[in-house]
Amino acid sequence: MCSSKLKNLTQENISQINGRPVLQPKSNQVPTLDRRNSLKKSPPKPLNPIASSKIPSPRLISLNSPPLSPNSKSLRQPPGSCKELLRSSSVKSKPVKSPENSDGGYKEVMSMVIVQKQPGSIAAARREEVAMKQEERKKKISHYGRIKSVKSNEKNLNVEHEKKKRCSFITISSDPIYVAYHDKEWGVPVHDDKLLFELLVLTGAQVGSDWTSVLKRRNTFREAFSGFEAELVADFNEKKIQSIVNDYGINLSQVLAIVDNSKQILKVKRDFGSFNKYIWGFLKHKPVTTKYTSCQKIPVKTSKSETISKDMVRRGFRFVGPTVIHSLMQAAGLTNDHLITCPRHLECTAMAAL
């Protein structure tokens, strides 16, 4: 009895591989054909055999929804969602003919075919978006009116600047106070002692700074130094000098230099009669007229400015280097350094001839 059972188990575990008997473990055994067929699930029968066999069923588009669990409730699409899905996928219905009609003819069956959008539809959507923006812009313009752009304003400024053709260091971004100084004062011959003293102070103050900043503080210098009356400035004591430093924010060394220069101007007046005669005497009372076509060619100092600077230093003046003196000559009209393309060149030349 036991031997027969063992024999049956052995025969079940032995399989033929390439004509040779091979003993297999229980886990590797393949079920027999009958048992395998019994395990197969029979597919559900379709309700309409004609539609299921002949009509291709539409593929469902995954909407990245989570998988349904057996315990979850049945999900229903909200009203209108199917229509939106079909509209977004460009669903088209096509008639499909079925040859299995009982009359021997063809039976038309509507089949839903999902057609995805073509790549060109993105460009079409973009064109629609641009058209909508243009319509909104037209409505705003009709309501608020058209606003002039910044570029048009800059263009008008460029045209105006080209008409005047000032010196090239005057640009569109130049400060109005600097432009007014160029158009009315720079290069005009000056023969007044107070104004010459003022220009000497301003040219010395613009060292390490710029003309625009100095011109904005011009009234401050006038108040601090009594309208550039050399006789009054020469009498400033230490208390007055310190009050100028505290009240007007002017550097102490600069204040001391201005007071010393006022004393030297008084000495020059005693020797030459006026500060005007002393300065213009180096040029024989005739201004120098240059003919520069570019600001890059205008020098920062000349041999004449070096000569005047050496003599003033010998007399005890301070802050009167060759560059400062050349700037004074330009500001006081001792030299006309306007470009020949600038309208102020001819105007200053005509003033010097008077």
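Rules behind the numbers
- Residues numbered from 1 in each chain as written.
- Predicted model: local features only at pLDDT ≥ 70, side-chain atom pairs only at ≥ 80, totals over all residues.
- Heavy atoms only, no water.
- pLDDT = per-residue confidence, 0-100.
- Contact = heavy atoms within 4.5 Å.
- 1 Å grid on protein atoms, 1.4 Å probe; cavity = no way out; pocket = protein on both sides within 12 Å on 5 of 7 lines; lining within 4 Å.
- Points joined across faces, edges and corners; volume = space filled by probe spheres on them.
- Helix = DSSP H or I, 4+ residues; strand = E, 2+ residues; numbered from the N terminus.
- Nonpolar A, V, L, I, M, F, W, Y, C, P; charged D, E, K, R; others polar.
- Expected span 1.5 Å × (residues − 1).
- Buried < 20%, exposed > 50% of the residue type's maximum accessible area, 1.4 Å probe, protein only.
- Axes fitted to C-alpha atoms, helices over the stretch in contact; angles between N-to-C directions.
- Parallel < 35°, antiparallel > 145°, perpendicular 65-115°, else oblique.
- Left-handed = near helix turned anticlockwise from the far one by under 90°.

An unreviewed UniProt entry lists the protein under the name Methyladenine glycosylase family protein, with Arabidopsis lyrata subsp. lyrata as the source organism.

Looking now at the confidence of the model for the protein. If pLDDT is low for a region, its predicted coordinates should not be looked at in detail. Across the protein, the average pLDDT comes to 77, with 60% of residues at or above 70. Every residue in residues 58-65 scores below 50 in pLDDT, and together they form five contacts with partners more than four places removed in sequence or on other chains.

Roughly 350 Å³ of internal volume is contained in the second largest pocket. Contributing elements (two or more residues each) for the lining of the second largest pocket: α7 (176-184) and α16 (322-331). Top element by residues in the lining of the second largest pocket is α16. It accounts for four residues. A class-by-class count of the residues in the lining of the second largest pocket yields nine nonpolar, six polar and no charged.

For the rest of this paragraph, the subject is helix α8 (residues 193-205). An ideal rise of 1.5 Å per residue puts 18 Å on 13 residues; α8 measures up with 18 Å between its terminal C-alpha atoms. Of all 13 residues that make up α8, 11 are buried, and the element is covered over most of its length. Where α8 is concerned, the buried positions are Asp-193, Leu-196, Phe-197, Glu-198, Leu-199, Leu-200, Val-201, Leu-202, Thr-203, Gly-204 and Ala-205.

The next point concerns the packing of helix α15 (residues 303-315) against α16. Packing of α15 against α16 leaves a shortest axis separation of 8 Å and a crossing angle of 115°. Taken as axis vectors, α15 and α16 run roughly perpendicular relative to one another. Read as a crossing pair, α15 and α16 show a hand that is right-handed. On α16, the residues touching Lys-304, Ser-305, Glu-306, Ile-308, Ser-309 and Met-312 of α15 are Pro-322, Ile-325, His-326 and Met-329. The residue inventory of the contact of α15 with α16, partitioned by class, reads five nonpolar, three polar and two charged.

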